[in-house]
Amino acid sequence: DGGITQSPKYLFRKEGQNVTLSCEQNLNHDAMYWYRQDPGQGLRLIYYSQIVNDFQKGDIAEGYSVSREKKESFPLTVTSAQKNPTAFYLCASSISSPGAYNEQFFGPGTRLTVL
Amino acid sequence: AQSVAQPEDQVNVAEGNPLTVKCTYSVSGNPYLFWYVQYPNRGLQFLLKYITGDNLVKGSYGFEAEFNKSQTSFHLKKPSALVSDSALYFCAVRESGSARQLTFGSGTQLTVLP
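Residues numbered from 1 in each chain as written. Chains lettered and ligands numbered in written order. Predicted model: local features only at pLDDT ≥ 70, side-chain atom pairs only at ≥ 80, totals over all residues. Heavy atoms only, no water.

Enquirer: Just to check I follow, could you spell out the sheet that holds strand 8 (residues 76-78) of chain A for this structure?
Expert: Whether parallel or antiparallel, the strands of a sheet pair through hydrogen bonds between backbone atoms. All names here are of chain A. Reading across the sheet, the four strands line up as 1-3-8-7 and stay open at both edges, with antiparallel pairing between neighbours. Looking along the sheet, the strands with just one partner apiece sit at the ends: strand 1 (4-7) and strand 7 (64-66). Direction aside, the axes of adjacent strands within the sheet are offset by 20° on average. Two elements, strand 3 (residues 19-25) and strand 8, share three bridges in a ladder whose sense is antiparallel. The partner of V19 across the bridge, within strand 8, is V78. (Pairing = 2+ DSSP bridges. Helix = DSSP H or I, 4+ residues; strand = E, 2+ residues; numbered from the N terminus. Axes fitted to C-alpha atoms, helices over the stretch in contact; angles between N-to-C directions.)

Enquirer: Looking at this structure, I do not really get the interface of chain B and chain A. What am I missing?
Expert: Where the parts come together, the accessible area they lose is often given as the size of the interface. Listed as interface residues are 21 residues of chain B and, on the opposing side, 23 residues of chain A. Buried area between chain B and chain A, summed over both chains or domains, comes out near 1,700 Å², and the portion from carbon and sulfur atoms is 53%. Area buried by chain B at its contact with chain A is led by N41, Q101 and F104 of chain B, which between them contribute 29% of it. At the surface where chain B touches chain A, the tally comes to one salt bridge. With a closest N to O distance of 2.7 Å, K49 of chain B and E103 of chain A form a salt bridge. When residues of the side of chain B that touches chain A are traced back to their parent elements, those giving at least two are strand 5 (31-38), strand 6 (44-50) and strand 10 (87-95) of chain B. Here the side of chain B that touches chain A gets four residues from one element, more than from any other, and that element is strand 5 of chain B. Considered class by class, the residues forming the side of chain B that touches chain A number 11 nonpolar, six polar and four charged. (Contact = heavy atoms within 4.5 Å. Buried area = accessible area lost by both parts, 1.4 Å probe. Salt bridge = Lys/Arg side-chain N within 4 Å of Asp/Glu carboxyl O. Nonpolar A, V, L, I, M, F, W, Y, C, P; charged D, E, K, R; others polar.)

Dropping the structure here:
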C-alpha cells in the first residue's frame with residue numbers, strides 16, 4: 001500500500017524533554033510538510049521541504065526542528081523551547097511542481113501530550 | 001497575503017437533505033482552492049480542488065464545489081447528505097505563482113442527523 005505513516009500515534013512528553021515524531025512516505029513525493037492542529041484553529045504550517053537536504057520554516061517554526069536526509073523521511077523534533085507543544089501533529093506530502101496546485105496527502109497524525 | 005474563512009463552526013443537516021459548507025477566500029491574484037475532510041483522530045483526506053476552468057468542480061463521495069470569483073467563495077455542496085458524511089471539513093487556498101504554502105481555514109464540523 002502506498003501512503004504516509006506517522007509514529008507513534010500517541011506520545012507523552014515530560015516538560016524539558018525533546019521528542020521526535022516520525023513521518024515516512026512511499027509515494028515518491030518530493031515535497032513534505034509538518035502541520036500542527038489545535039481545536040478551532042485549523043492547521044498551521046511548521047516546516048516544509050521541497051527537496052532532499054533542504055527545508056524552510058513555516059508560520060510557527062519556533063521550538064521545532066526538522067531534517068530531510070532521505071526523500072522518504074521527514075522527522076520533526078519538538079524541543080523544550082516549544083512552550084505549548086500539546087497538539088495533534090500531521091505530516092503531509094505532495095508532488096512538487098512549479099504550478100504548486102497539487103493536493104497534499106496526509107498521514108494519520110501523532111497526538112503529543114506534555115505531562 | 002492569502003487567507004481563507006469558514007464562517008460556520010458547526011453545520012447540522014438532516015439525512016437526505018442537501019448540505020452546504022461555506023468558504024470564502026482572499027488572494028491578490030488567482031486562487032488554487034481545495035477541500036479536505038477529517039474524521040476523528042485521523043489525517044485529512046482530499047475531496048476536490050479548483051485550479052482553473054469550469055466553476056463547478058466534482059470530487060469524491062458525491063461532493064462538489066462551486067467557484068465564484070465575484071463573491072470570492074468556494075462552497076462545498078452535496079445534494080443528499082449521509083450520516084457517514086459527519087466530519088470536520090477544511091477549505092484551503094494557495095495563490096497561483098506565490099511562494100506561500102497552503103493556508104487552511106479553521107474548519108467546519110458537519111453533523112448529519114438520522
